[in-house]
Amino acid sequence: MPNIAKIKKQLEEKLRELTARAEEIDDDLSRAADDDWEEHAVEAEGDEVLEQVGDVTLDEIRQIKYALNQIEAGTYGVCTTCEGPIGKERLEALPFATRCIACS
Ligand SMILES: [Zn+2]
């Protein structure tokens, strides 16, 4: 089994970082919406990028929360598809992996 306490700490740190980033993106997007149309046209491209970054960030936040729930439930490291072990090395590389290499 991987070192759960260490992984939990990593996940919590990452979650804090991502939450802060998601809030920043949110701020940027609402600020951009207040600009007049001329400026907005120039910035529209940047907004799309921001929204994509936001989606990825929210997705990662979801995955990390899920992994933390699994730790609490004692099911961490179990593949959600085949219910086999995900593997220590994979979890160390990707602590919020929910599927083993064969199922991902
Ligand atoms: Zn599997």
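As a reminder, the structure under discussion sits directly above these lines.
About the thresholds
- Residues numbered from 1 in each chain as written.
- Predicted model: local features only at pLDDT ≥ 70, side-chain atom pairs only at ≥ 80, totals over all residues.
- Helix = DSSP H or I, 4+ residues; strand = E, 2+ residues; numbered from the N terminus.
- Buried ≥ 20, exposed ≤ 12 C-beta atoms within 10 Å, placed from the backbone.
- Contact = placed C-beta atoms within 7 Å.
- Core = buried A, V, L, I, M, F, W, Y, C linked by C-beta atoms within 7 Å.

Looking at this structure, how should I read the overall build of the protein chain?
If you tally the helices and strands in the protein chain, you get three helices and zero strands. Ordering the α and β elements of the protein chain from the N terminus gives α-α-α. Of all 104 residues assigned to the protein chain, the portion counted as buried reaches 10%. Within the protein chain, residue pairs in contact and separated by at least 24 positions form 56% of the contacts whose partners lie at least 6 positions apart.

Can you help me understand the environment of Cys82 in this one?
Inspection of the secondary structure assignment puts Cys82 in the loop between helix H2 (37–73) and helix H3 (88–93). What makes Cys82 exposed here is the crowd of 12 C-beta atoms within 10 Å. In this structure Cys82 touches Cys100 and Cys103, once residues within four positions along its chain are discounted.

Is there a simple way to explain unusual backbone geometry in this structure?
Among all residues save glycine, negative phi is the norm, and among peptide bonds the norm is trans. Non-glycine residue Glu83 carries a positive phi angle of around 65°. When the 10 C-beta atoms within 10 Å are taken as the criterion, Glu83 is described as exposed.

How do you make sense of the nonpolar core when you look at a structure like this?
In globular proteins that are soluble, nonpolar side chains generally tend to be buried together. In this structure, Leu11, Ile64, Ala67, Tyr76 and Phe96 together form the largest nonpolar core, which totals five residues. Dropping the residues within four chain positions of it, Ala67 is found in contact with Leu11, Tyr76, Pro95 and Phe96.

Honestly, the environment of Thr75 in this entry has me stumped. Any pointers?
Locating Thr75 in the fold gives a position in the loop between H2 and H3. The class for Thr75 is exposed, based on 11 C-beta atoms found within 10 Å. Separated by ten residues in the primary sequence, Thr75 and Pro85 place their C-alpha atoms 9.9 Å from one another.

Just checking my understanding: could you explain the environment of Arg99 for this structure?
Positionally, Arg99 belongs in the segment after H3. Classification of Arg99 by C-beta neighbours within 10 Å gives partly exposed; the count is 15. Sequence separation between Arg99 and Thr80 is 19 residues; the distance between their C-alpha atoms is 5.7 Å. Setting aside residues up to four positions removed in sequence, Arg99 forms contacts with Cys79, Thr80, Thr81 and Ser104.

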